[in-house]
Amino acid sequence: MYTQSRIRSIFGVIFVVALVMALTSFVQAQDTRGVLRHSKAGASAANDVDPHGPNPEGLTMQYIFSQLTRLDTGATYVVPDLAESWESDDTGQVWTLHLRQGVTFHDGSDFTAADALYSIRRLLDPDTGSPVRDKFSIIDEANMTAPDDYTIVIPLHSVNVEFPTMLADRRMAMIPEGSGDTIAQTGIGTDAFRLVSQDPVGVTVLEAFDDYWEGPPGLAGIELYHIASSAGVAQALLTDQLDYVGIGQISAEYFALFEGNDDFTFLIQASGGQAHLVMDTTVAPFDDLRVRQAFKLVQDRQETLEVVYSGQGDIACDTSVWKNDPYYHELDCPRDVERARELLAEAGYPDGLDVVLTIADVFPAFVPLAVAFKEQAADAGIRVEIDQVPADTYYADYDRKVPFYNGWRGQRQALSGMLELFSCDARNNTPKWCNEEFDQLLADASAELDFDKRKELLGKAQILASEEAGYLNPVFFTAIDLFNSRVKGVTRNFTEYIHLFYFEED
């Protein structure tokens, strides 16, 4: 028997589907380029499209907003975006950026220096709640200037030779001057697609923005479907209800359904993406370094690679810097169960200890990663109780609110990423780990003009984070995109270059 709430839920789904079909029909009636049906994961009901706010829907904002700089197609080096060029003064502490002319926002207004300075100031405003505000606090906001409509001068409180790379952070998005109060609903940006409607746990609809400065995109629009399970994503792709499945949205166990089938294409690339476990270092037992190190030592990283990712990835040693980063420092992190037992005994747990690991089925890797760690930890007397909670409220109610839990990070550059994830005052420092030596290494690296010396400093920082931070990252997973073979123009850094996508005509 259907309850009233169940009936309302059914009618709600019918309404959403009908609305999407109507919007799609309208777009297709006006345009023959085709609409890409794309899955999304990791969203919660609290997400919106405010790029500077605390809860941005990451996938959507990457398609509608642009930054001053971005990463190349290999997602490694910084290249121009809304800033055509830049240079620093002799000290490396004052940066001048020359903005691209002829760029238009989705509302038809021109992008100028006033919009750029407004966007930066809004991100830095404590009331905005940006999770990366602390990383960008290096900017001397009070002394920023705009000599003309297409030039901005950004002084820094201290030297940072990697500042242009930092500006590629997708959360440093450019929005129209004065739009802060409405941006969460309108999503007005300058990228290749503009927002039609947004539902973080339903369907988000985007349409082509043909006035995009790099030219009209190859698609008429994009529909982003939130599908919670890997099985559901696989079924939707097989039955031609989806065209594209992005990184981490389907687990490797389903790949056999598509391998050898010419109707589907895999794009397989090494990446710095990761599913990890977070230990809150401000509460027991994780406030004891010996306990954290014991948890690190019990990990069988090779087993995790095979079991969780079907061998698709690279061993990680609990840091955020992947092998293709110019500043990558190779680490060795073998399993040592006996040493883990010794550390636990020294910390006051001679008979092992009991912990609760809070997880949700937000990304396909979360549950198998938790199960793998539970089984590996048991060898050292660590008894892990897995508490699986609802996925749709995970980020609102549990993430950063419990001592031990699942986390997810996309690929980040070495210096910028470590500043965001591990420095003492960073809001995105989820383990709440603070090490003054680590912060000083990052500060010294930021000011070091010589690449080799800078790499050496960042290598030391990676060692410290690996050994001490409350961060269990056993594997950098291989980025695997799976899509219908009709979809062409796919690049490695697809979230920055999706305007290159198009459908091959039948």
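Our structure is the block above this text.
Residues numbered from 1 in each chain as written. Predicted model: local features only at pLDDT ≥ 70, side-chain atom pairs only at ≥ 80, totals over all residues. Heavy atoms only, no water.

Undergrad: In this structure, what is going on with the overall build of the chain? I would like to understand it.
TA: Check the secondary structure of the chain and you find 14 helices and 22 strands. Relative to a compact globule of 506 residues, whose C-alpha radius of gyration would be 23 Å, the chain shows 23 Å and is just as compact. Evaluated residue by residue, the chain yields a buried proportion of 55% over its 506 residues. Counting only contacts in the chain whose residues sit at least 6 apart along the sequence, the fraction spanning at least 24 positions is 71%. Surface accessibility of the chain: about 20,700 Å² in total, with carbon and sulfur atoms responsible for 48%. (Helix = DSSP H or I, 4+ residues; strand = E, 2+ residues; numbered from the N terminus. Rg over C-alpha atoms; globule rule 2.2 N^0.38 Å. Buried < 20%, exposed > 50% of the residue type's maximum accessible area, 1.4 Å probe, protein only. Contact = heavy atoms within 4.5 Å. Areas by Shrake-Rupley, 256 points an atom, 1.4 Å probe, with all protein chains shown as cover.)

Undergrad: Would you explain the sheet that holds strand β7 (residues 151–155) in this entry?
TA: Pairing between the strands of a sheet is mediated by backbone hydrogen bonds and can be parallel or antiparallel. One open sheet accounts for four strands, arranged β4-β5-β7-β6; its pairing is antiparallel. Edge strands, defined here as strands with exactly one partner in the open sheet, are β4 (83–88) and β6 (145–148). Here the average twist between neighbouring strands, direction ignored, is 25°. In terms of strand pairing, β4 meets strand β5 (residues 94–99) through five bridges, oriented antiparallel. By the bridge assignment, Glu87 is partnered in β5 with Thr96. Across the sheet, helix α3 (residues 113–124) touches β5, β6 and β7, and the angle it forms with β7 is around 30°. (Pairing = 2+ DSSP bridges. Axes fitted to C-alpha atoms, helices over the stretch in contact; angles between N-to-C directions.)

Undergrad: Help me understand unusual backbone geometry in this model?
TA: Most peptide bonds take the trans form, and the phi angle of most residues other than glycine is negative. Here the amide bond leading from Ala284 into Pro285 is cis, since omega sits at 0°, within 30 degrees of zero. The phi torsion at Ser310 lies on the positive side, around 50°, for a residue other than glycine. Residue placement: Ser310 occurs in the loop between α8 (301–309) and β14 (313–315). Located in the positive-phi region is Asp318, a residue other than glycine, with phi close to 65°. For Asp318, the position within the fold is in the loop between β14 and α9 (337–346).

Undergrad: Would you explain the nonpolar core in this entry?
TA: Across soluble globular proteins, nonpolar side chains have a tendency to be buried as a group. Judged by nonpolar contacts, the single largest core of 76 residues is most densely connected at Leu68, Ile120, Ile139 and Ile152. The residues contacting Ile139, other than those within four sequence positions of it, are Ile120, Leu124, Met144, Ile154, Pro155, Leu156, His157, Phe163 and Met172. Ranked by size, the runner-up nonpolar core spans 42 residues in total, among them Val337, Ile359, Ala360 and Ala377. (Core = buried A, V, L, I, M, F, W, Y, C linked by side-chain atoms within 4.5 Å.)

Undergrad: Would you explain the packing of aromatic side chains in this entry?
TA: How two aromatic rings sit relative to each other is given by the distance of their centres and the angle of their planes. The full count for this structure, using the stated rule, is 24 aromatic pairs. Summarising the aromatic geometry, the rings of Tyr394 and Tyr395 are spaced 5.3 Å apart at their centres and angled 70° between planes, so their arrangement reads as edge-to-face. Under the relative-accessibility criterion, Tyr394 is labelled buried at 0%. A relative accessible area of 26% places Tyr395 in the partly exposed class. Taken together, the ring pairs in this structure connect Tyr309, Phe363, Phe366, Trp408 and Phe477 into an aromatic cluster. The aromatic ring of Trp213 is capped on one face by Arg100, whose charged end is 3.7 Å from the ring centroid. (Phe/Tyr/Trp six-rings, centres within 6.5 Å; stacked < 30°, edge-to-face > 60°. Lys NZ or Arg CZ within 6 Å of the ring centre and 35° of its normal.)

Undergrad: I keep staring at the pattern of salt bridges and nothing clicks. Help me out?
TA: A pair can form between side chains of opposite charge whenever their charged atoms are brought close. Under the defined criterion, the tally for this structure stands at 29 salt bridges. Linking Asp240 and Arg37 is a salt bridge whose minimum nitrogen-to-oxygen distance equals 3.1 Å. On the criterion of sequence distance, the pair formed by Asp240 in the loop between α6 (230–238) and β11 (244–245) and Arg37 in strand β1 (residues 35–40) is long-range, its members being 203 residues apart. Here Asp240 falls in the partly exposed class, since its relative accessible area comes to 38%. The exposure class assigned to Arg37 is buried, which follows from its relative accessible area of 18%. A salt bridge links Arg400 to Asp399; the nearest nitrogen and oxygen atoms lie 3.2 Å apart. Residue Arg400 is classed as partly exposed on the basis of its relative accessible area of 30%. One salt-bridge network, in which partners are shared between bridges, spans Lys135, Asp169, Arg171, Arg412 and Glu420. (Salt bridge = Lys/Arg side-chain N within 4 Å of Asp/Glu carboxyl O.)

Undergrad: Got a minute to help me understand helix α12 (residues 414–422) in this structure?
TA: One turn of an α-helix holds 3.6 residues; hence residues three or four places apart share an orientation. When you tally the buried positions in α12, you get nine out of nine residues, the bulk of the element. What α12 keeps buried is the set Ala414, Leu415, Ser416, Gly417, Met418, Leu419, Glu420, Leu421 and Phe422. Along its buried surface, α12 packs onto α4 (163–166), β17 (404–409), α13 (436–447), α14 (451–468) and β18 (471–472).

Undergrad: I keep staring at the packing of helix α7 (residues 289–297) against α9 and nothing clicks. Help me out?
TA: A pair of packed helices is characterised by two quantities: the angle between their axes and the separation of those axes. Between α7 and α9, the shortest axis-to-axis distance is 8 Å and the interhelical angle comes to 160°. As the angle between them shows, α7 and α9 are arranged roughly antiparallel. The crossing of α7 and α9 is left-handed. Facing α7, whose interface residues are Arg290, Val291, Gln293, Ala294 and Leu297, α9 presents Arg339, Ala340, Leu343, Leu344 and Glu346. Looking at the contact of α7 with α9, its residues break down into six nonpolar, one polar and three charged. (Parallel < 35°, antiparallel > 145°, perpendicular 65-115°, else oblique. Left-handed = near helix turned anticlockwise from the far one by under 90°. Nonpolar A, V, L, I, M, F, W, Y, C, P; charged D, E, K, R; others polar.)

Note that all results are geometric; they support no functional claim without further evidence.
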